[in-house]
Every structure is written in C-alpha cells, then in structure tokens.
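Below, each chain spelled out in residue letters.
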Amino acid sequence: AEEDLSGTRIRALLTGQKVIGGFGTFGLGNQRTLEEYVTWSHTNLGGNWDEYLKLHKLTPNIPDGASYPGTNLNFCESLERHPVRDAESLAKSALIK
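Residues numbered from 1 in each chain as written. Predicted model: local features only at pLDDT ≥ 70, side-chain atom pairs only at ≥ 80, totals over all residues. Heavy atoms only, no water.

Regarding helix α2 (residues 34-41)
- Every buried residue of α2 is accounted for by L34, V38 and S41. Projected down its long axis, α2 carries its buried residues within an arc of 80°, all on one side.
- The first or second residue beyond α2 is H42, which carries a positive phi of 60°. (Buried < 20%, exposed > 50% of the residue type's maximum accessible area, 1.4 Å probe, protein only. Helix = DSSP H or I, 4+ residues; strand = E, 2+ residues; numbered from the N terminus. Arc of directions from axis to C-beta.)

As structure tokens, this is what we get:
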C-alpha cells in the first residue's frame, strides 16, 4: 500500500497533477520549474511531456535499446549548468535540522 501511494505521488509530481495536501517538503521546490528541467534535460517524464517536447522541438536523448535517459554520457556531459533562482536560499534549505 505504501509503495503504491509513493508511486502515485511521484507520477503526480512529475506530470504536474495536484495532490490533496500538496507534496510538502518532498515537492519540487521553488528554484526551477519542472518545465525548465524538461527543457534543459530533454527528458520525457510521461503524461503530457511528450507533447511539450514536440511543441518545443526537443528530442529525448535516449540511445537505441535503452528505456530511460541518462545512459548517454556524451549528452549528459554536454548539458550546460543553469543557475538556480536563489543560491543562498537553496543552501540554507539543505542544512540538516
């Protein structure tokens, strides 16, 4: 039951669906949007992201025979770093309380 709930929450999070009570500490945060991540990584997260990628002429870089991104090291190494909205705030949020 807990595993099913976890899977439902992660699918909702990645497809932009709302969840009663929100995601709390385990949400996306506020440094970057999911759209910014998908645009940067060219990653299809399921749901409507396929349409988003096509609309923006982005192609997931998944090698033949692989079922997920991250297996093409040349593509990963070619990605440029994009700064976060507020580095100081991000650093403070990462402190163990």
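Still more ground to cover, so stick around.
A look at the side chain of S41
- When you line up the elements, S41 lands in helix α2.
- A polar contact of 2.8 Å, which involves the side chain of S41, links it to the side chain of T43. (Polar contact = N/O pair within 3.5 Å; in protein donor to acceptor, adjacent residues only side chain to side chain.)

A closer look at the confidence of the model for the chain
- In the predicted model, the chain carries a mean pLDDT of 79, and 85% of its residues have values of at least 70.
- Model confidence for the chain, summarised as mean pLDDT per element, is weakest for helix α4 (residues 73-78) at 75 and strongest for helix α3 (residues 49-55) at 90. (pLDDT = per-residue confidence, 0-100.)

A look at the pattern of salt bridges
- Across all of its chains, the model carries two salt bridges by this definition.
- E88 is the salt-bridge partner of K92, the closest N and O atoms lying 3.3 Å from each other. Here K92 pairs with E88, and both are found in helix α5 (residues 87-93), just four residues apart, close to one helical turn.
- Take K92: its relative accessible area is 52%, and that puts it in the exposed class. (Salt bridge = Lys/Arg side-chain N within 4 Å of Asp/Glu carboxyl O.)

Some words on the packing of aromatic side chains
- A full pass over the atoms with the stated rule returns two aromatic pairs.
- Ring geometry for Y37 against W40: centres 5.9 Å apart, planes inclined by 50°, an arrangement best described as tilted. Placement of the pair is Y37 and W40 together in helix α2, with a separation of three residues, close to one helical turn.
- A relative accessible area of 36% places Y37 in the partly exposed class.
- Geometrically, the ring pair formed by W49 and Y52 is edge-to-face, given 5.2 Å between the ring centres and 80° between the ring planes. With W49 and Y52 both in helix α3 and three residues apart, the pair spans about one turn of that helix.
- Assessed through its relative accessible area of 18%, Y52 is described here as buried. (Phe/Tyr/Trp six-rings, centres within 6.5 Å; stacked < 30°, edge-to-face > 60°.)

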